[in-house]
Amino acid sequence: MHSGRLSVYIPEEEVEVDAIPNRRPYRLRDMLLTMWAIGTYIFDYVMDWVVAAGFYRDGDYNWFGLTVAFIVVPHLTMMCFSLAWYLQDRKHHPSDQLQSFNSKQWLIRMVVLVLQLAPVLRYVDSLRYGYRFRNSKRLSRLDLYESLCFENADAAMLRLFEAFMEAAPQLVLQIYILAVKRINYDKFDFLQVLQIVSIFTSWISLATAMATFHRAQRFSQHAKGSMSFAGTLMQFGWHLFIFESRVIAIALFTVRFPLWGPVVCTVHVLLMIVWVFTMRTEFCPNRWLEYLYNVAVGCLYLFAFLNVKDTPTRWKYLFYYGVYYAENVILITLWYTFTQDEEEHWFRKPALGAVVGGFWIGIFVFMIPYYMFLHPDKGLWIRKRRYSTAVNQAAVSGSNNNNSGSTWLKSFLDFCL
């Protein structure tokens, strides 16, 4: 079956009730990662509004308007998508007891959606289904697992929308404002402190959105291996440093060349849209929606790569990150060359190092080790761990003597891998 958002495997034929849940358990680490995703979303959302309020207080109405626009428009989009998906689920599964809500529950959901907390609502629903799945004895665990997969996939997709429609533009905007206004070290400015905190929360929110999306994508598809906790952390670190390199390059280039910054971004997006069209994706039920989807993915490719066609990614990554890195280096080099004032632009060398070094840290410290050791299907450590687990389960242990010393290590590996 297909959720309409991500491919979710649910068997059509008769199977044992616990067939899928036993193979792909919902563990404590899954609940902890979901709560981390909720926490980072709420904190980032609140900080953006706090910064907007600070601009309004100081009379910076232009910055206030841009900050609010970058908050409201993406969240209204998410609200519409989330509501449409609820209505779609209700239409296609009218007799589903797990997906049916009474009037009071619908009212609560509408209030939460109006408060622009659509991903949080989906995450909470996934936690609810996950808790019931872990503790269920009588109710069909397969139905609970299906609902868990759908809610997890929907939450991850909504969070991805928020990340690249709100967090990424907000991150560029706040760095741009700080660079234009310049930090005053002689006079303490609480608003600038709030901006710095907002920058870090948006940065972490971006990396979290990518990591949880890839994790949810694999968790929801039976044919693919489920991502480990350690693999999720590597995904987080990989995108954290890649985004840092990209955002700083775009923001600082736009400070020095305010007219050319949007032009560069537009050219990149157009190039990516053409590339996505050549992939011949098959995500939407009709051609025009597919075109719109391809355009949306092309816009997303300004900051990150998603494999929208289930084919090997090696050459795609090579092309995408080759263009990505070349653009970053050109942008930051032009900014560095045309900002020679060492006193006002003391951060010239740190910024240059952050753009160049951050990219390679993301690639060599996180991305390559992830694919070598922790990839759910190909990673060396994951395959060894699965083999070791299979051997241990097959072996008949006569006694449990002398095993206490390795219990903590086994528990740690079980949690991470």
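Just so it is clear, the model here is predicted, and its values are computed rather than measured. (Residues numbered from 1 in each chain as written. Predicted model: local features only at pLDDT ≥ 70, side-chain atom pairs only at ≥ 80, totals over all residues. Heavy atoms only, no water.)

(A) A look at helix α5 (residues 118–135). An ideal rise of 1.5 Å per residue puts 26 Å on 18 residues; α5 measures up with 26 Å between its terminal C-alpha atoms. Residues of α5 that are buried include every one of Ala118, Pro119, Val120, Leu121, Arg122, Tyr123, Asp125, Ser126, Leu127, Tyr129, Gly130 and Phe133, and no others. (Helix = DSSP H or I, 4+ residues; strand = E, 2+ residues; numbered from the N terminus. Expected span 1.5 Å × (residues − 1). Buried < 20%, exposed > 50% of the residue type's maximum accessible area, 1.4 Å probe, protein only.)

(B) Broad picture of the packing of aromatic side chains. By the definition in use, this model includes 32 aromatic pairs. For the pair Tyr56 and Phe64, a centre-to-centre distance of 5.1 Å together with 55° between the ring planes defines the contact as tilted. On the basis of relative accessible area, Tyr56 is assigned to the partly exposed category, the value being 48%. Geometrically, the ring pair formed by Tyr320 and Tyr324 is tilted, given 5.3 Å between the ring centres and 40° between the ring planes. You can see Tyr320 and its partner Tyr324 sitting in helix α11 (residues 314–337), 4 residues apart, about one turn around the helix. Accessibility assignment for this pair places Tyr320 and Tyr324 in one class, buried. A cation sits over an aromatic face here: Arg128 above Tyr129, 4.7 Å from the ring centre. Over the ring of Tyr324 we find Arg246; its NZ or CZ atom is 4.4 Å from the centre of that ring. (Phe/Tyr/Trp six-rings, centres within 6.5 Å; stacked < 30°, edge-to-face > 60°. Lys NZ or Arg CZ within 6 Å of the ring centre and 35° of its normal.)

(C) Here's a closer look at the nonpolar core. Counting 98 residues, the largest nonpolar core has Phe164, Phe243, Tyr301, Phe303 and Tyr321 as the members making the most contacts within it. Of all the elements, helix α6 (residues 141–181) adds the most residues to this core, at 18 residues. Setting aside its immediate chain neighbours within four residues, Tyr321 contacts Trp238, Ile242, Phe359, Ile363 and Met367. Counting 7 residues, the second-largest nonpolar core is a separate cluster that includes Phe55, Leu173, Leu191 and Leu194. (Core = buried A, V, L, I, M, F, W, Y, C linked by side-chain atoms within 4.5 Å. Contact = heavy atoms within 4.5 Å.)

(D) Quick peek at the packing of α11 against helix α12 (residues 348–374). Contact pair α11 / α12: the axes reach a minimum separation of 8 Å and the direction vectors enclose 165°. For the element pair α11 / α12, the angle class is roughly antiparallel. Seen along the crossing, α11 lies across α12 with a hand that is left-handed. In contact with Tyr317, Tyr321, Tyr324, Tyr325, Asn328, Ile332, Trp335 and Tyr336 of α11, α12 contributes Arg348, Lys349, Ala351, Leu352, Val355, Val356, Phe359, Trp360, Ile363, Met367 and Tyr371. Tallied by class, the residues present in the contact of α11 with α12 amount to 16 nonpolar, 1 polar and 2 charged. (Axes fitted to C-alpha atoms, helices over the stretch in contact; angles between N-to-C directions. Parallel < 35°, antiparallel > 145°, perpendicular 65-115°, else oblique. Left-handed = near helix turned anticlockwise from the far one by under 90°. Nonpolar A, V, L, I, M, F, W, Y, C, P; charged D, E, K, R; others polar.)

(E) Up close: the environment of Gln192. Note that Gln192 resides in helix α7 (residues 190–219). A relative accessible area of 7% places Gln192 in the buried class.

(F) Quick look at the pattern of salt bridges. Per the counting criterion, the structure on display carries 8 salt bridges. Where Arg122 meets Asp154, a salt bridge forms, and the shortest distance between an N and an O atom there is 3.1 Å. Placement of the pair is Arg122 in helix α5 and Asp154 in helix α6, with a sequence separation of 32 residues. Overall, Arg122 belongs to the buried group, its relative accessible area being 0%. Using a relative accessible area of 0% as the deciding quantity, one classes Asp154 as buried. Note that Arg159 is salt-bridged to Glu162, the shortest N-O span being 3.6 Å. Of this pair, Arg159 and Glu162 both sit in helix α6, 3 residues apart, which is roughly one turn of the helix. A residue is classified by how much of its surface remains accessible, and Arg159, at 0% relative accessible area, is buried. (Salt bridge = Lys/Arg side-chain N within 4 Å of Asp/Glu carboxyl O.)

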